[in-house]
Amino acid sequence: MEDRIPGGYDNFVIPFLAGMAFILAYCIAKLIGIIMHMPSDDRKKLLLSLVNPRIIAKNIADIFSDCLLHVKIFRKNPKLGYMHMSIAFGWFMLIVIGHMEVAEFMPEKLHTFYYPIFFNYFVLKTADSGTALAVYEFLMDFFLLMVLSGVGIAVFKRFRSSIVGMKRTTRPLTRDRIAMYALWAIFPLRLIAEASVAGTGGGGFLAMSIYKAISPLMPESANVLPIWWAYSISLGIFFFMLPYSRYMHIPTEAVLIMFRNAGIRATNAETGFSLLEQYSCSTCGMCIDACPMTNIAEGEKNASVYFIRNLRYGGGKSSTKSIANACLMCNKCVAACPVGINSCELKRRYRSADYDGMPARQYGFVPSMETHPATIGNTAGNPCMEDHGNRISASYAIAGTKGQSRGVDSKPHKTASCKQNEDNVYNKKAIYFSGCMTQLTPSVSRSMERIFKAAGIDYSYMDRDGGLCCGRPLMLAGNDRDAASLIEKNTGIIETSGAEILVLSCPICYKVFKENYRLGNIRIMHHTEYINGLIESGRIKIRRTDEKLAYHDPCELGRGCGIYDEPRKIISAAGHLAEASENRESSICCGGSLGSITLTYDQRSKVTQAALESLACGSPDRIVTACPLCLKTFGTYSALPVEDIAFTVARSLEN
Amino acid sequence: MTPDINFGFGLSKSSRINLDNADNEKFRELAAREPDILKCMACGSCAASCSAGNFTELNLRKIILMLTRGAEKETVRQLESCMFCGKCILVCPRGINTRHLIKSIREIYCRPCAEPETGNGI
Ligand code: SF4
Ligand code: SF4
Ligand code: SF4
Ligand code: SF4
């Protein structure tokens, strides 16, 4: 094997080289910028992760399965998964095998960036290369065919998104189109270019057969250079367009995975880690079909993909803000996103800008801890809170000080139960916090009281006469600072109550208590967990009827806290469970969510209707939910009776 | 002295509102941003269900009435205890997005607040 072209160089490689140099420089500069904008703690985490063997192994596994094989998309949508996998994995293999081929046959050329890319043009393949060459040629053509099949689906998908099972696909921007056409052109051009020189450069089954078909038509002296120029130019255009188009996700996603595995999360909507999330969005559009706002006229334009796109390209403050404020924060798009972009957190951070310069609230009106009904008669303090001297500072850390990143820790931190009573949590004193919303749906709290009594639980009812809000609605609106003040007040009351288990009826409260309160060893339970435990341990007995009960997964309980099974167990103990057509991670928001700041009453009702339709799928006798807000919202529109799971249990009690 | 109007329902000087003194500039801005405020029928459902209203004077119905009359200081003070819990939204029979209304009121009347209101230990 030898150089066919003296010097092994031709000017046509320039567009490719220029594009390559540009994108490399751009990525390095951006990465430095992102790291500089991260809080120093995060920089430390990143450094540590790079020497931690466990995280390194996870990085490699995740990058392989998410960036190359696209396993997550496969699971949700095999056709779309194949499209992504064939392009990404096929291209990756072309690069790898191309380099191996050069390393094997022309190792002295490996240092020139372009040589492996345009290998077939530059070499004269002689017969003495043997079977190794044939294997390389076969593999190269095999993976090229794989990429081409993916590109074929992509082209088709542009015109008919239904071919990959998507109802809606993203509206591409002009810049995306330019990059997209360049991408579509790269591989067919590569095939034709390689086929044109297959007489000298060799080729596998694909290039060779095309060569055989076209060579009788081509004069011996035909100039094949224009086609190689075209191939190189399409590569160059693609690289130059990368930073300005959706395809930036290709180099970014692997970096995002590494940062995420290091434990780094967004601390604001616009710089640092969030930039990585923005660049990693491939605008695949899976979040559009997921979003319940698509049931609202023109609601589709509020999908997360457009929020991220606006953030990235600066799509106008008012429109970015209106998208951020409309979102129900139901997290369905986050669950659907194959890249795992937490767009809801970005929106929450974006919303927080509205509170800059606003006076901080103190909520000084709460009844003092000593006189609060839940704490009366308890002077011994709380056995679960003993070593928790840093509690107040921890809850203050939520808001941070002014000017710093106002971050609520978005990672759930484990709240261990009191060790000594792991087995018999139900013998311990409980404190029940019903939450604001439950006060509008008293059937829930009354049912809970009946259940507590039937099970013989020693409990106090923290907000029987009204109480403070848990803080989550403020946080959803982006106002972490005021929320921190509520969190501190509530923590004080619970701490003084002497209870060891906190039972909550509202998933909105449950989420914030689990994630943002520091309650020491007090065990935090949603009433579905608590009641399920009571049933399983035999503390209460319930009658089973033949009724068909559809269960609605509330957003904050299911996607928010991962509780799917306990409520289903309870329902199966009280009747027959009828699943909704979209359930568990795909459950549709009831429409009442406090996450949305701007959706109107009528717009919300469209979401409610969609959720009710999904619930009616298994023709149930009743709809059961586990959230007072869902209950209230469904109650307004549902033709079927709607009840809270606590009510279902209370009305079936046998003891 | 005009005995014919002095039948026990006269206005005392201190509680009379002088509409000419009220600066309606901000209210016009608010109404432009929140046209729904004009739909309020003062039913009081919001105030009756308000979480903070249990402990403080916060009363959204009253706030809306007061703002139309230019009494903004008291309004801003009352809103300091709103926890954004959203109960009022769920009960308003006129379908007013009360939370957004409250947010806008604070944005228009509170910022830039030279001295943050601190008297909220009502
Ligand atoms: S946010 Fe996720 S699901 Fe939505 S377009 Fe981007 S990558 Fe796809
Ligand atoms: S959180 Fe829910 S409402 Fe908001 S964009 Fe995502 S899917 Fe749509
Ligand atoms: S959002 Fe504010 S005004 Fe409305 S009920 Fe809650 S505390 Fe009261
Ligand atoms: S509930 Fe609605 S209509 Fe009634 S007073 Fe309050 S804002 Fe006005």
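Each residue is numbered by its place in its chain's sequence as written, counting from 1. Each chain is given a letter, starting from A, and each ligand a number, starting from 1, according to the order in which they appear as written. At least 70 in pLDDT is required for a residue's local features to be given in this predicted model, at least 80 for side-chain atom pairs to be given and counted, and no such filter applies to totals for whole chains, interfaces and linings, which use all residues. Side-chain numbers here rest on the full set of heavy atoms in the structure, without hydrogens or water.

Draft legend 1. Structural detail: the overall build of chain B. By definition, any uninterrupted DSSP run of H or I lasting at least four residues is a helix, any uninterrupted run of E lasting at least two residues is a strand, and each is numbered from the N terminus. Each helix and strand in chain B was counted, giving 6 helices and 0 strands. Any pair of residues with heavy atoms lying within 4.5 Å of one another is described as a contacting pair. If you take every contact in chain B between residues at least 6 apart in sequence, the share linking residues at least 24 apart comes to 65%. As presented, chain B carries roughly 6700 Å² of accessible surface, and 53% of it is formed by carbon and sulfur atoms. Exposure was quantified through the Shrake-Rupley algorithm and a 1.4 Å probe, taking into account, for residues, occlusion by the shown protein chains and nothing else.

Draft legend 2. Region of interest: the environment of Phe118 of chain A. Residue and element names in this part refer to chain A. Inspection of the secondary structure puts Phe118 in the loop between α5 (78-105) and α6 (119-122). Categorising residues by exposure relies on relative accessible area from a 1.4 Å probe, with only protein chains included: less than 20% of the type maximum marks a residue as buried, more than 50% marks it as exposed, and the intermediate range marks it as partly exposed. Here Phe118 falls in the buried class, since its relative accessible area comes to 0%. Sequence separation of Phe118 and Glu108 is 10 residues, and the distance between their C-alpha atoms is 15 Å. Residue contacts for Phe118: discarding those within four places in its chain leaves Phe12, Val13, Phe16, Trp228, Tyr231, Ser232 and Leu235.

Draft legend 3. Seen up close, helix α12 (residues 249-261) of chain A. Take the residue count of a helix, subtract one, and multiply by 1.5 Å to get its expected span. Taking 1.5 Å of rise per residue, 13 residues should cover 18 Å, and α12 of chain A covers 17 Å from first to last C-alpha, within 8% of that figure. In the stretch just after α12 of chain A, Gly263 of chain A is the one whose phi turns positive, near 95°.

Draft legend 4. Structural view of the confidence of the model for chain A. All names here are of chain A. Values of pLDDT, the confidence the predictor places in each residue, fall between 0 and 100. The pLDDT averaged across chain A works out to 88; a share of 91% of its residues lies at or above 70. Scored below 50 in pLDDT, residues 376-381 makes 6 contacts in the model with residues more than four places away or belonging to other chains. Throughout residues 385-422 the model reports pLDDT below 50, and contacts reaching past four residues in sequence, or to other chains, amount to 78 contacts.

Draft legend 5. Summary view of the pattern of salt bridges. Each reported salt bridge corresponds to a side-chain nitrogen of Lys or Arg within 4 Å of a carboxyl oxygen of Asp or Glu. The full count for this structure, using the stated rule, is 37 salt bridges over all chains. Note that Glu25 of chain B is salt-bridged to Arg28 of chain B, the shortest N-O span being 3.8 Å. With Glu25 of chain B and Arg28 of chain B both in helix α1 (residues 25-33) and 3 residues apart, this pair spans about one turn of that helix. The structure contains a network of salt bridges with shared partners spanning Lys321 and Asp354 of chain A together with Arg33, Lys103 and Glu107 of chain B.

Draft legend 6. Just the sheet that holds strand β7 (residues 548-551) of chain A, in detail. Residue and element names in this part refer to chain A. The sheet built from 4 strands is open, its strands ordered β8-β7-β9-β10 with parallel pairing. Of all the strands in the sheet, the pair left with one neighbour each is β8 (576-578) and β10 (642-644). Adjacent strand axes in the sheet meet at a mean angle of 40°, parallel and antiparallel pairs treated alike. Pairing of β7 with strand β9 (residues 622-625) involves 3 bridges; the strand directions are parallel. Note on β9: the bridge partner recorded for Leu549 is Arg622. Following DSSP output, two strands are said to pair if at least two bridges run between them. Angles here are taken between N-to-C directions and fall from 0 to 180 degrees, while the axes themselves are lines fitted to C-alpha atoms, restricted in helices to the stretch in contact.

Draft legend 7. How the structure looks around the environment of Ile32 of chain A. Residues and elements named next belong to chain A. Mapped onto the elements, Ile32 comes out in helix α1 (residues 14-37). A relative accessible area of 48% places Ile32 in the partly exposed class. For the pair Ile32 and Gly272, spaced 240 residues apart in sequence, the C-alpha separation works out to 9.7 Å.

Draft legend 8. Focus on the side chain of Lys347 of chain A. Residues and elements named next belong to chain A. Relative to the helices and strands, Lys347 resides in helix α18 (residues 343-351). Here Lys347 occupies a buried position and makes no salt bridge, while the nearest side chain of opposite charge, Glu345, is found at 11 Å. Ignoring any residue separated from it by four or fewer positions in sequence, one finds Lys347 in contact with Ser304, Phe307, Ala324, Cys327 and Met329. For the charge count, each Lys or Arg is scored as positive and each Asp or Glu as negative, with His and the chain ends excluded.

Draft legend 9. Quick peek at the site of ligand 1. Taken together, the residues surrounding ligand 1 are Cys281, Ser282, Thr283, Cys284, Gly285, Cys287, Val305, Ile308, Cys337, Pro338 and Val339 of chain A. Polar here means any residue outside two lists: the nonpolar Ala, Val, Leu, Ile, Met, Phe, Trp, Tyr, Cys and Pro, and the charged Asp, Glu, Lys and Arg; Gly therefore counts as polar. Considering only residue class, the shell around ligand 1 consists of 8 nonpolar, 3 polar and no charged. Throughout this document, a residue counts as near a molecule or strand when at least one of its heavy atoms sits within 4 Å of that molecule or strand.

Draft legend 10. The arrangement of the pairing of β7 of chain A in detail. Residue and element names in this part refer to chain A. As paired elements, β7 and β8 share 3 bridges and run parallel to each other. Within β8, the residue paired with Lys548 across the bridge is His576. Taken together, β7, helix α25 (residues 565-574) and β8 form a β-α-β motif whose crossover is right-handed. Throughout, right-handed denotes a crossover for which the path from the first strand over the helix to the second runs clockwise when the strands point away from the viewer.

Draft legend 11. Structural view of the site of ligand 2. Residues and elements named next belong to chain A. If you check the shell around ligand 2, you find 13 residues, and the closest are Cys291, Cys327, Cys330, Asn331 and Cys333. Residue assignment for the shell around ligand 2 shows that the elements contributing at least two residues are α17 (332-336) and α18. Tallied by class, the residues present in the shell around ligand 2 amount to 9 nonpolar, 2 polar and 2 charged.

Draft legend 12. Structural view of the interface of chain B and chain A. Each partner contributes to the interface: chain B provides 31 residues, whereas chain A provides 37 residues. By convention, the term buried area covers the 1.4 Å-probe accessible surface removed from two parts as they join, with the contributions of both added. Across the chain B/chain A interface, buried area totals approximately 2800 Å², and carbon plus sulfur atoms make up 61% of it. Counting across the chain B and chain A interface gives 1 salt bridge. Between Asp354 of chain A and Lys103 of chain B there is a salt bridge, with the nearest N and O atoms lying 2.5 Å from each other. Side-chain atoms alone can form a polar contact between residues adjacent in sequence; in general such a contact is a pair of N or O atoms within 3.5 Å, and within protein one must be able to donate a hydrogen while the other accepts it. Where chain B packs against chain A, one counts 9 residue pairs in polar contact (both at pLDDT 80 or more). Contributions of two or more residues to the side of chain B that touches chain A are made by α5 (87-91) and α6 (98-110) of chain B. When its residues are assigned to classes, the side of chain B that touches chain A shows 13 nonpolar, 11 polar and 7 charged.

Draft legend 13. Spatial organisation of the domain arrangement of chain A. All names here are of chain A. Per the domain assignment, the segments of chain A are domain 1 (11-252), domain 2 (268-354), domain 3 (369-536) and domain 4 (548-651). With 29 residues of domain 3 at the contact, the number on the domain 4 side is 25 residues. Regarding the contact of domain 3 and domain 4, the summed buried area is about 2300 Å², with carbon and sulfur atoms giving 77% of it. Ranking the residues of domain 3 by area buried against domain 4 places Met437, Pro507 and Thr528 at the top, with a combined share of 21%. Our enumeration of links across domain 3 and domain 4 arrives at 2 salt bridges. For Lys569, the salt bridge is made with Glu536, and the minimal N-O distance between the two is 3.7 Å. At the boundary of domain 3 and domain 4, one finds 5 residue pairs in polar contact (both at pLDDT 80 or more). Contributing elements (two or more residues each) for the side of domain 3 that touches domain 4: α20 (442-454), α21 (472-476), α23 (507-516) and α24 (527-536). With 7 residues, α24 is the single largest residue contributor to the side of domain 3 that touches domain 4. Residue classes in the side of domain 3 that touches domain 4 are distributed as 14 nonpolar, 9 polar and 6 charged. Boundaries of every domain are those given by an automatic assignment or by a domain database.

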